[in-house]
Amino acid sequence: MSASPPPLPTLLVIPTGVGCALGGYAGDGLPAARLLAAASGCLITHPNVMNGAALYWSDRRIQYVEGWALDRFAAGELALAPVAGRRVGLLLDAGIEPELRQRQIQAAEACRASLGLAIGPVLISDEPLGVGLSLGSSGASWGSLERPDALLRAGEKLVLAGASAIAVVARFPDDPDSEALAAYRHGAGVDGLAGAEAVISHLLVRHLGIPCAHAPALQPLPMDPDLDPRAAAEELGHTFLPCVLVGLSRAPDLVPLGPPGHPYGDGIGLGPAGTLLTAAAIGAVVAPAGALGGEAVLACAERGIPVIAVHNPCLLEVSAQALGLEVLAAASYAEAAGLVLALREGIDPGVLRRPLGERLSAGRLSAGRPSGGDWPLPGPWPRWDGRRNHRWC
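First, a word on scope: everything that follows refers to the structure included in this document. (Residues numbered from 1 in each chain as written. Predicted model: local features only at pLDDT ≥ 70, side-chain atom pairs only at ≥ 80, totals over all residues. Heavy atoms only, no water.)

Turning our attention to the environment of Thr16. Tracing the backbone through its elements, the reader meets Thr16 in the loop between β1 (10-12) and α1 (30-40). Spatially, the C-alpha atom of Thr16 lies 8.3 Å from that of Ser141, the residues being 125 residues apart in sequence. (Helix = DSSP H or I, 4+ residues; strand = E, 2+ residues; numbered from the N terminus.)

Right, let's talk about the pattern of salt bridges for a bit. By the definition in use, this model includes twelve salt bridges. The partner of Arg171 in a salt bridge is Asp174, and the shortest N-O contact between them spans 2.6 Å. Here Asp174 falls in the partly exposed class, since its relative accessible area comes to 36%. In this structure, a network of salt bridges that share partners links the residues Asp126, Arg147, Asp149 and Arg153. (Salt bridge = Lys/Arg side-chain N within 4 Å of Asp/Glu carboxyl O. Buried < 20%, exposed > 50% of the residue type's maximum accessible area, 1.4 Å probe, protein only.)

Glancing now at the sheet that holds strand β14 (residues 328-330). Ordered in space as β3-β2-β1-β12-β13-β14, the six strands form an open sheet in which the pairing is parallel. Where the open sheet ends on each side, the last strands, each with one partner, are β3 (62-64) and β14. Between one strand axis and the next, the sheet turns by 25° as a mean value, whatever way the strands run. Sheet topology places strand β13 (residues 307-310) next to β14; three bridges connect them, and they run parallel. Bridging from a neighbouring strand, Ala309 pairs with Ala329 of β14. Packed on one face of the sheet, α1 meets β1, β2 (43-45), β3 and β12 (284-288) and runs near 145° to β2. (Pairing = 2+ DSSP bridges. Axes fitted to C-alpha atoms, helices over the stretch in contact; angles between N-to-C directions. Contact = heavy atoms within 4.5 Å.)

Relative to the helices and strands, Ala75 is located in the loop between α3 (67-74) and β4 (78-81). Put simply, Ala75 and Val297 are 222 residues apart on the chain and 9.4 Å apart in space, counted from C-alpha to C-alpha.

Our focus in this paragraph is the packing of α3 against helix α7 (residues 194-208). Running from N to C, α3 and α7 point in directions that differ by 55°, and their axes come no closer than 7 Å. By the criterion of interaxial angle, the relationship of α3 to α7 is oblique. Across from Gly67, Trp68 and Ala69 in α3, the residues of α7 making contact are His202, Val205 and Arg206. (Parallel < 35°, antiparallel > 145°, perpendicular 65-115°, else oblique.)

Moving on: the packing of aromatic side chains. Under the counting rule described, the total for this entry stands at zero aromatic pairs. Here Arg34 stacks its cationic end above the ring of Trp57, 3.5 Å away from the centre of that ring. Across the ring face of Tyr25, the terminal group of Arg230 is positioned such that the distance to the ring centre comes to 4.2 Å. (Phe/Tyr/Trp six-rings, centres within 6.5 Å; stacked < 30°, edge-to-face > 60°. Lys NZ or Arg CZ within 6 Å of the ring centre and 35° of its normal.)

This paragraph deals with the side chain of Asn48. With respect to the element layout, Asn48 can be found in helix α2 (residues 47-50). In this structure the side chain of Asn48 is engaged in a polar contact, spanning 3.3 Å, whose partner is the backbone oxygen of Gly23. Once you skip the residues sitting within four places of it in the chain, Asn48 turns out to touch Ile14, Pro15, Thr16 and Gly23. (Polar contact = N/O pair within 3.5 Å; in protein donor to acceptor, adjacent residues only side chain to side chain.)

Here we take up the nonpolar core. With 103 residues, the main nonpolar core has Leu11 and Leu241 as its most contacted residues. Each residue touching Leu241, except ones within four places of it in the same chain, is listed here: Leu90, Gln104, Ala107, Ala108, Ala167, Val169 and Ala215. (Core = buried A, V, L, I, M, F, W, Y, C linked by side-chain atoms within 4.5 Å.)

An ideal rise of 1.5 Å per residue puts 16 Å on twelve residues; helix α11 (residues 333-344) measures up with 16 Å between its terminal C-alpha atoms. Within the sequence span of α11, burial applies to Tyr333, Ala336, Ala337, Leu339, Val340, Ala342 and Arg344. Packing partners of the buried residues in α11 comprise β1, α1, β12, β13 and β14. Capping the start of α11, Ser332 holds a side-chain oxygen 3.4 Å from the backbone nitrogen of Ala334, two or three residues further along. Positive phi appears at Gly346, one or two residues downstream of α11, with a value of about 80°. (Expected span 1.5 Å × (residues − 1).)

This structure, assessed with the given rule, holds zero disulfides. Cysteine Cys243 is unpaired, with the sulfur of Cys111 as its nearest cysteine sulfur at 9.2 Å. The class of Cys243 is buried, set by a relative accessible area of 4%. Cys20 provides the cysteine sulfur closest to Cys314, a residue in no disulfide bond, and the two sulfurs are 4.5 Å apart. (Disulfide = S-S within 2.5 Å.)

Here we have four strands laid out as an open sheet, ordered β6-β5-β9-β10, and parallel in their pairing. Two strands close off the open sheet at either side, each with one partner strand: β6 (118-124) and β10 (212-217). Strand after strand, the sheet turns through a mean of 20° between neighbouring axes, direction not considered. Relative to strand β5 (residues 87-92), helix α4 (residues 98-115) is tilted by about 170°, and along the sheet it contacts β5, β6, β9 (165-171) and β10.

A few words now on the packing of α3 against helix α9 (residues 295-302). For any two helices packed against each other, the geometry is given by the interaxial angle and the distance between the axes. Direction vectors running N to C along α3 and α9 enclose 10°, while the axes themselves pass 8 Å from each other. Our classification of the angle between α3 and α9 gives roughly parallel. The residues of α9 that touch α3, namely those facing Leu70, Asp71, Arg72 and Ala74, are Glu295, Ala296, Ala299 and Cys300.

The next point concerns the pairing of β6. The side chains of a regular strand alternate between the sheet's two faces. Of the strand pairs in this sheet, β5 and β6 are connected by five bridges, and their pairing is parallel. Across the sheet, the residue bridging to Arg87 is Ala118, located in β6. Handedness of the crossover is the feature at issue here: the chain leaves β5, passes through α4, returns alongside β6, and the resulting connection is right-handed. (Right-handed = clockwise from strand over helix to strand, strands pointing away.)

Glancing now at the side chain of Asp224. With respect to the helices, strands and loops of the structure, Asp224 is situated in the loop between β10 and α8 (241-249). Looking at Asp224, its side chain comes within polar contact range of the side chain of His186, at 2.7 Å. A polar contact of 2.9 Å, which involves the side chain of Asp224, links it to the backbone nitrogen of Asp226. Those residues within four positions of Asp224 in sequence are excluded, and the remaining contacts are Arg185 and His186.

Structural data, given as structure tokens:
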């Protein structure tokens, strides 16, 4: 019986706040993530895919990486160091009402008692953060923060107090009668909170250099008998915090990479906790076919990493054709998982489609090296006996 192939580290990107049919709601990207983790043996994805309010899935094959850090990882500026566990500090917005704040603390206590997570300390910001919500002209959600200074001060204090990751709970505006919220709850709209959540987490991760993620604080909504199943996870309780605490509890360390020759500069590998995983090890990236313009996808495409473009309708129309990219098209995430598995097994995905494509034909290739003198291969390697190689060996 042959051994299993080594993992093929794969990025899964489902952009936030652009209304993706799969992954644009409350944790409805989780089944796709689980399947791709099984196919690849190592999946790197972001909280928008994994967070389902009170619902979550913990899998050591999945690396939970905040979106800004994911872009930096794909660009080769950060490495990921898997960890067995970490202490998650809890940052609560001073604008949260006392009863709603206590609900967040109780959720954290439940994760400690029932899941064994290391949580604490808990800190309230010195000023309300002042979250604002907006929709762009495209319909995508975005947001603003009145007091980013208060957010960063609180984050710094938590790090000094021993937290190695931070879960933020900010008070978001309640608007239960809005048409946008009704559309989202009925499966036909955009997550209006996602853009502002991304602003908060990006700001903290960039400033502190540690894993951070966000859960909004909102008052419970009235019962809706027509609620779309994809939005239902957000209506199971009083808080969205459990999934964030679980995700952060095993989020990898973010290791800045130096220039060539730096101790971490050329590190690649995937293994026991503490082993570095860098962009050089990425074997594929999976993203919606209409949302290929993100930094992580373009960084991978520039290095020739296979891009799997999945049919997953959203507000954007940034396609492979518009960008001039060559991609592997997939009609579903199930097909995408099959393509990832083919790559992991060393099978050319093109031979799995019909018609097979152009037939092989004999031709002549230039025997000389490129005119610029650059050689695309790492050789020639030194001979074992120390003698110089022939100039073409």
